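Coordinate analysis (summary)
Spelled out from the first residue to the last, the chains are:
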Amino acid sequence: MTDPATPGTATDTTGAATTAVTGATEATAPTGATAGPDVDALRERALAMLVTARDRTTLLTSCVEGPDLTAQVSPLMSPLVWDLAHIGNQEEQWLLRAVAGQEAIRPEMDSLYDAFEHPRAERPRLPLLPPEEARRYVADVRGRALDVLEGTAFHGTRLTEAGFAFGMIAQHEQQHDETMLITHQLRKGPQALTAPDPEPAPLFTGPAEVLVPGGPFTMGTSTEPWALDNERPAHRREVAPFHLDTTPVTNGAYQAFIDDDGYDDPRWWTRAGWDHIRRHSITAPLFWHRDGGQWLRRRFGVTEVVPADEPVVHVCWYEADAYARWAGRRLPTEAEWEKAARHDPAGDRSARYPWGDADPGPEHANLGQRHLRPAPAGSYPAGASPLGVRQLIGDVWEWTSSGFAPYPGFEAFPYKEYSEVFFGPEYKVLRGGSFAVDAVACRGTFRNWDYPIRRQIFSGFRTARSAEVS
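What counts, and where the lines are drawn
- Residues numbered from 1 in each chain as written.
- Predicted model: local features only at pLDDT ≥ 70, side-chain atom pairs only at ≥ 80, totals over all residues.
- Heavy atoms only, no water.
- Helix = DSSP H or I, 4+ residues; strand = E, 2+ residues; numbered from the N terminus.
- Rg over C-alpha atoms; globule rule 2.2 N^0.38 Å.
- Buried < 20%, exposed > 50% of the residue type's maximum accessible area, 1.4 Å probe, protein only.
- Contact = heavy atoms within 4.5 Å.
- Salt bridge = Lys/Arg side-chain N within 4 Å of Asp/Glu carboxyl O.
- Core = buried A, V, L, I, M, F, W, Y, C linked by side-chain atoms within 4.5 Å.
- Pairing = 2+ DSSP bridges.
- Axes fitted to C-alpha atoms, helices over the stretch in contact; angles between N-to-C directions.
- Polar contact = N/O pair within 3.5 Å; in protein donor to acceptor, adjacent residues only side chain to side chain.
- Parallel < 35°, antiparallel > 145°, perpendicular 65-115°, else oblique.
- Nonpolar A, V, L, I, M, F, W, Y, C, P; charged D, E, K, R; others polar.
- Phe/Tyr/Trp six-rings, centres within 6.5 Å; stacked < 30°, edge-to-face > 60°.
- Lys NZ or Arg CZ within 6 Å of the ring centre and 35° of its normal.

Comments concerning the overall build of the chain
Across its full length, the chain carries 10 helices and 14 strands. A compact globule built from 470 residues should have a C-alpha radius of gyration of about 23 Å, and the chain, at 21 Å, falls within 12% of that. By the burial criterion, 59% of the 470 residues in the chain qualify as buried. Sequence-distant contacts in the chain: of pairs separated by 6 or more residues, those separated by 24 or more amount to 78%.

Quick look at the pattern of salt bridges
If you walk through the whole model with that rule in mind, you get 40 salt bridges. A salt bridge links E398 to R462, with the shortest nitrogen-to-oxygen separation between them at 2.8 Å. Within this pair, whereas E398 is found in strand 10 (residues 397–404), its partner R462 is found in the loop between strand 13 (459–460) and strand 14 (464–466), the two being separated by 64 residues in sequence. Residue E398 is classed as buried on the basis of its relative accessible area of 1%. When its relative accessible area of 0% is taken as the criterion, R462 is described as buried. When salt bridges that share partners are traced, they join E26, E334, E338, R342, R431 and R447 into one network.

Some thoughts on helix 10 (residues 334–342)
Of all 9 residues that make up helix 10, 9 are buried, and the element is covered over most of its length. Residues of helix 10 that are buried include every one of E334, A335, E336, W337, E338, K339, A340, A341 and R342, and no others.

Section: the nonpolar core
Among soluble globular proteins, nonpolar side chains are generally buried collectively. Among the nonpolar cores identified, the biggest contains 119 residues, and L181, Y254, W269 and F461 are the most heavily contacted of them. Beyond its immediate sequence surroundings of up to four residues, Y254 is in contact with V249, Y263, P285, V312, V315, E319, Y323 and F461.

Here's the deal with the sheet that holds strand 10
The strand order across the open sheet formed by 4 strands is 12-11-10-13, and the pairing between neighbours is mixed. This sheet does not close on itself; its edge strands, each paired only once, are strand 12 (448–450) and strand 13. In the sheet, strand 11 (residues 424–431) pairs with strand 12 via 3 bridges, with the strands oriented antiparallel. Looking across to strand 12, one finds that V429 is bridged to W449.

What about the sheet that holds strand 6 (residues 294–299)?
With antiparallel pairing, 3 strands are arranged side by side in an open sheet as 5-6-7. A single partner strand is all that each edge strand has here, and the edge strands are strand 5 (288–291) and strand 7 (302–305). Direction aside, neighbouring strands of the sheet carry axes that sit 35 degrees apart on average. Each of strand 5 and strand 6 is contacted by helix 7 (residues 251–259), which is oriented at about 70 degrees to strand 5, the strand it contacts most.

Some words on the pairing of strand 5
When strand 5 meets strand 6, the two strands line up antiparallel, connected through 4 bridges. Along strand 6, the bridge assignment pairs W288 with R297. Between the end of strand 5 and the start of strand 6, which pair antiparallel, lie 2 residues, with G292 showing a positive phi angle near 65 degrees.

Description of the pairing of strand 7
Bridge count between strand 6 and strand 7: 4 bridges; the pairing is antiparallel. Within strand 7, the residue paired with L296 across the bridge is V305. Where strand 6 folds back onto strand 7 in an antiparallel hairpin, the turn is made up of 2 residues, including F300, whose phi is positive at roughly 50 degrees.

Looking at the side chain of Q391
Position of Q391 relative to the elements: it lies in the loop between strand 9 (349–350) and strand 10. A polar contact is formed between the side chain of Q391 and the side chain of D395, at a distance of 2.9 Å. Excluding residues that lie within four positions of it along the chain, Q391 makes contacts with T247, P248, P311, A375, P376, A377, G378, S379, Y380, E398 and R462.

Side note on the packing of helix 3 (residues 80–99) against helix 6 (residues 164–186)
Interhelical geometry of helix 3 versus helix 6 gives an angle of 175 degrees and a closest axis separation of 10 Å. As far as their axial angle goes, helix 6 and helix 3 are roughly antiparallel. Contacts between helix 3 and helix 6 involve L80, W82, D83, H86, I87, Q90, E91, W94, L95 and V99 from the former and A165, F166, M168, I169, H172, E173, H176, D177, T179, M180, T183 and H184 from the latter. Along the lines of polarity and charge, the residues of the contact of helix 3 with helix 6 split into 11 nonpolar, 7 polar and 4 charged.

Points about the packing of helix 7 against helix 9 (residues 317–326)
Contact pair helix 7 / helix 9: the axes reach a minimum separation of 11 Å and the direction vectors enclose 80 degrees. Viewed along their axes, helix 7 and helix 9 adopt a mutual orientation that is roughly perpendicular. Note on element contacts: helix 9 touches helix 7 through E319, A322, Y323 and W326, opposite A253, Y254, A256 and F257. Looking at the contact of helix 7 with helix 9, its residues break down into 7 nonpolar, no polar and 1 charged.

A closer look at the environment of R97
Following the sequence through the fold, R97 ends up in helix 3. On a C-alpha basis, the gap between R97 and E108 in space is 15 Å, while along the polypeptide they are 11 residues apart. Excluding residues that lie within four positions of it along the chain, R97 makes contacts with N89, E92, Q102, A104 and D110. Among the polar contacts listed, one links the side chain of R97 to the side chain of D110, at a separation of 2.7 Å.

A short note on the packing of aromatic side chains
With the rule as written, the count across this model stands at 29 aromatic pairs. Aromatic side chains Y254 and Y263 sit 6.3 Å apart centroid to centroid with 70 degrees between the ring planes, which places their arrangement in the edge-to-face category. Of the two residues examined, Y254 and Y263, each falls in the buried class. Seen from their ring centres, F300 and F458 are 6.4 Å apart, and the 35 degrees between their planes marks the pair as tilted. On the criterion of sequence distance, the pair formed by F300 in the loop between strand 6 and strand 7 and F458 in the loop between strand 12 and strand 13 is long-range, its members being 158 residues apart. F458 shares its class with F300; the two are buried. Linked through ring pairs, F116, F404, F410, Y418, F422, F423, Y427, W449 and Y451 together constitute an aromatic cluster. Sitting over the face of the ring of F154, R43 holds its NZ or CZ atom 4.9 Å from the ring centroid.

Have a look at this one:
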């Protein structure tokens, strides 16, 4: 998603409309996210998600000190200390004020940390809270927010129904954690973050593509309690039969495109894409460089050989589209992607995830910064869709061919600046999340969007082709 006023990566999270669409069939009793009467379970889940997000924020802002917290590593990103205080300010505005009706702790913070008022490029020049003061502020807000959580009835208003406001804030913090992880990747200097590598996986030898049958399916959701406004409402969508890559496109496959002079052949590029790569001298994914006969990449302060079997990451939409054309294929539409990820042909229903309705586990997907890289292509067979498509959730955000648009019956909630102001063909939709995304902010209906030039995000892709209809 884009940061308001300065497109780049994860943004402020807002709400969810509650319109239902007659005839749409989707999961109605999601595991761990039930909208039923078990208020204690909902409160416990909200607490767990808030704590998980704060633990990650603490890690991302404590592994570096001094200038690394206050400096801007790229005009596309905020200083880490801005993200930290912004997280606290959003939590104060929505949980302490909107839900609990409390007075502002520091009213001047609202303007200072307003993402629409201050684009990222100018944030280093603002009178930001220094790191220790920002930490005290977010800790103060969190302590009060937990008291609010204990005393809130999870019904009565749209913000409090099923704990939506608390889920919204947990998602918001995790989205900014993803943004901060991107900042860490852009940061020069020694390694500051570590994580175990994904489990080794056997070389994937399954089919290169699967046939997704044509016909109607239910897209979007009207039942997921913490879904955001652009995911709603559920509606029927017709999709023609198509073939989809079983796994995301790998580094090895992408190197073949490079070796075939893909970056030097205008046949594969849109006019805007060709102009962009020529103007900026782009010849490979971001963070790659050639050393003799091999490609190396920089990943969180470490230089390593590009692993051939991992999904390619840090490519923009133009690069993904050009590769697909070179391969004689195309990028899937957003509707095609969601049908492949959610539709169960056996029951003509749309599940929350490719594997069903259960919350993601480590056997299903690479999520939550558990690793600092994508897993090898073909990993997580337990997370495959009913048709056998793998890694639709986690590892890399997947570019689609679609522009960002509202669903029929869309309603902005709780304010239009989360989604509505970004609707338009200039933004391309990404789906599925990445290794940098937490499960609370990733599901089969979750929609991300960005400009087609963006490469610092953890973006990859898979390709599709239309099926012949007899």
